[in-house]
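Analysis of the macromolecular model
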Amino acid sequence: MSETESTLRCDLGDFAYGTWRLLDEDTPPSADALADRLRRCLEAGIEVLDTAEIYGRYRVEEAIGSALMTDPELRGAFKIVTKAGIDVPSDEKAHASIPQYDATGANLVRCAEKSLRLLGVDTLDLFLVHRPDWLTHPEDTASGLQRLLDEGKVRHVGVSNYTIHQFATLDKLLDGRLATNQVEFSPLCMDPLYDGVFDQCLQSRVRPMAWSPLGGGSLFSDREGAAQRLRAKLEDLSPKYGDAPIDALVYAWILATPARPMVILGTNKVERVASGMKASGIALEREDWYAIWEAAQGKSVP
Ligand SMILES: NC(=O)c1ccc[n+]([C@@H]2O[C@H](COP(=O)([O-])OP(=O)(O)OC[C@H]3O[C@@H](n4cnc5c(N)ncnc54)[C@H](OP(=O)(O)O)[C@@H]3O)[C@@H](O)[C@H]2O)c1
């Protein structure tokens, strides 16, 4: 481990299993089937679960909790990241007639306590404000996060989809305790390379997390444009990297950037988890990293 890595505020590793789409299948997995899938994630080397209060219309945390409860060893094996602060019309959020954000301290504390109960764990490893709430004063948000830290209900706190200024403001109020900014990042969405988010992470010794690393699946489904060019380039490069699957090449591309964003896999097909993890052994050559950039952007670097 390099000196830089050892001084990160929090480092949960290179990969997490994302659970946004967990209940999207026609037949959602039973607790036993999900426990089995989680065991396969562990075998593949993934020890972090990324979830959120809102996933599956407020049902995913409960599903994960039921799976973890089938096997205490499984429950102890995973670190859990969850998020809160999005309210959409539902039985769960009867007050909401339209989608809205709520990052008040009181709501964050209430949500974290509910997550602990649904997931069946004593502590959340990382608790994130899901999206910036323009209506809540950051002091209010900070007070809720601080309370969760003080009470030992969460080990680390962070944010998701925050601008650099929103991050800096909240981080200052928390005396530099924000542990991550979880943002969209992939060859199909390079914003954090340009908007300062990754530079801020490097400066603050914070490891970002990358959501939708495959563009939410558009890398495979789009028949034209950036995704099609990117697929062709990745297929072209694959033999050079031991016939690596193209998703693994994309994860390696993400991990090659200096902030080393943790990659959150989003597949419901567990065999894709194992093949994607081949990224761990791939060190992309500089020229190939830029060739992927070029294919995605459809132009040479300026
Ligand atoms: N903080 C935030 O605001 C935020 C927002 C979005 C997501 N997230 C987190 O990030 C995680 C990952 O996001 P994501 O689900 O959008 O990730 P993604 O990996 O970009 O997209 C996943 C989609 O790609 C498909 N896919 C994956 N590999 C494939 C392959 N080899 N061939 C064809 N299709 C393939 C999957 O289908 P199959 O299931 O069929 O493989 C799935 O529908 C989420 O689960 C969630 O935890 C966070």
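In what follows, the structure referred to is the one given above.
Residues numbered from 1 in each chain as written. Predicted model: local features only at pLDDT ≥ 70, side-chain atom pairs only at ≥ 80, totals over all residues. Heavy atoms only, no water.

1. Some points on the side chain of Gln182
Put simply, the rule reads: A run of H or I in DSSP counts as a helix once it spans at least four residues, and a run of E counts as a strand once it spans at least two, with each numbered from the N terminus. We call two residues contacting when some pair of their heavy atoms lies within 4.5 Å.
Mapped onto the fold, Gln182 is located in strand 8 (residues 178-184). In this view, Gln182 contacts Asp50, Lys83, Leu128, Val159, Ser160, Asn161, Met209, Trp211 and Ile264; residues no more than four positions away in its chain are not counted.

2. Details of unusual backbone geometry
Just so we agree on the cut-off: Only protein chains enter the calculation, and the probe is 1.4 Å; a residue is then buried if its accessible area is under 20% of its type maximum, exposed if over 50%, and partly exposed in between.
Non-glycine residue Arg57 carries a positive phi angle of around 50°. For Arg57, the location among the structural elements is in helix 3 (residues 55-58). Given the relative accessible area of 53%, Arg57 is considered exposed. Backbone geometry places Arg205, a non-glycine residue, at a positive phi of 55°.

3. Topic: the site of the ligand
Applicable threshold: Here, proximity means that at least one heavy atom of the residue falls within 4 Å of the molecule or strand. Polar contact criterion, stated in full: a pair of N or O atoms within 3.5 Å, where within protein one must be able to donate a hydrogen and the other to accept it, and residues adjacent in sequence count only if both atoms are side-chain atoms. Surface accessibility follows the Shrake-Rupley procedure with a 1.4 Å probe radius. Residue values consider only the protein chains on display as shielding. Each residue is assigned to one of three groups, with Ala, Val, Leu, Ile, Met, Phe, Trp, Tyr, Cys and Pro labelled nonpolar, Asp, Glu, Lys and Arg labelled charged, and all others, Gly among them, labelled polar.
Neighbouring the ligand are 27 residues; Asp50, Ser212, Thr267, Lys269 and Arg272 lie closest to it. At 2.8 Å from an oxygen atom of the ligand is found a main-chain nitrogen or oxygen belonging to Leu214. Considered on its own, the ligand offers 910 Å² of accessible surface; in the complex 88% of this is hidden by protein. Taken together, the residues of the shell around the ligand sort by class into 7 nonpolar, 13 polar and 7 charged.

4. A look at the sheet that holds strand 6 (residues 124-129)
Put simply, the test is: For two strands to pair, DSSP has to find at least two bridges joining them. Lines fitted to C-alpha atoms define the axes, with helix axes restricted to the stretch in contact, and inter-axis angles between N-to-C directions lie between 0 and 180 degrees.
Taken together, 8 strands build a closed barrel; the order of strands is 1-2-3-6-7-8-9-10 and the barrel is parallel. Strand after strand, the sheet turns through a mean of 30° between neighbouring axes, direction not considered. Bridge count between strand 3 (residues 79-84) and strand 6: 4 bridges; the pairing is parallel. Residue Val81 lies in a different strand from strand 6, and its bridge partner there is Leu126. Of the strands in this sheet, strand 6 and strand 7 (154-160) are in contact with helix 7 (residues 138-150), which crosses strand 7 at around 155°. Those strands touched by helix 8 (residues 164-173) are strand 7 and strand 8, and its axis lies near 160° from that of strand 8.

5. A word on the side chain of Asn181
Along the polypeptide, Asn181 turns up in strand 8. A relative accessible area of 1% places Asn181 in the buried class. Here the side chain of Asn181 touches Asn161 through a polar contact of 3.4 Å, landing on its backbone nitrogen. With residues near it in sequence (within four places) discarded, Asn181 still touches Val159, Ser160, Asn161, Tyr162, Phe167, Val197, Val206, Pro208 and Met209.

6. Structural notes on the nonpolar core
As a reminder of what qualifies: The nonpolar core is taken to be a set of buried Ala, Val, Leu, Ile, Met, Phe, Trp, Tyr and Cys residues, with the residues joined through side-chain atoms within 4.5 Å.
One finds Phe15, Leu38, Leu124, Phe127, Trp253 and Leu284 to be the most contacted residues of the largest nonpolar core, which totals 83 residues. Counting residues per element, this core draws most heavily on helix 13 (residues 246-255), which supplies 9 residues. Leaving out residues up to four positions away in the same chain, Phe127 has contacts with Thr82, Ala84, Leu108, Ala112, Leu145, Leu148, Val154, His156, Val157 and Gly158.

7. Observations concerning helix 12 (residues 225-237)
Operational definition: Expected span of a helix, by definition, is 1.5 Å for each gap between consecutive residues, and there is one gap fewer than residues. By construction, the arc corresponds to the directions joining the helix axis to the C-beta atoms.
Taking 1.5 Å per residue as the helical rise, helix 12 with its 13 residues ought to reach 18 Å, and the 19 Å between its terminal C-alpha atoms agrees with that figure. Listing the buried residues of helix 12 in full gives Ala227, Leu230, Arg231, Leu234 and Leu237. Down the axis, helix 12 shows its buried residues gathered within 130° of arc, on one side only. Among the structural elements, helix 11 (218-221), helix 13 and helix 15 (286-297) are those in contact with the buried residues of helix 12.

8. Overview of the packing of helix 4 (residues 60-69) against helix 6 (residues 105-119)
Rule in force here: Working definition: roughly parallel below 35 degrees, roughly antiparallel above 145 degrees, roughly perpendicular at 65 to 115 degrees, and oblique for all remaining angles.
Across the interface, helix 4 lies against helix 6 with an axial gap of 7 Å and an inter-helix angle of 40°. Taken as axis vectors, helix 4 and helix 6 run oblique relative to one another. Contacts between helix 4 and helix 6 involve Glu61, Glu62, Ile64, Gly65, Leu68 and Met69 on the former and, on the latter, Ser115, Arg117, Leu118 and Leu119. Looking at the contact of helix 4 with helix 6 residue by residue, the classes come out as 5 nonpolar, 2 polar and 3 charged.

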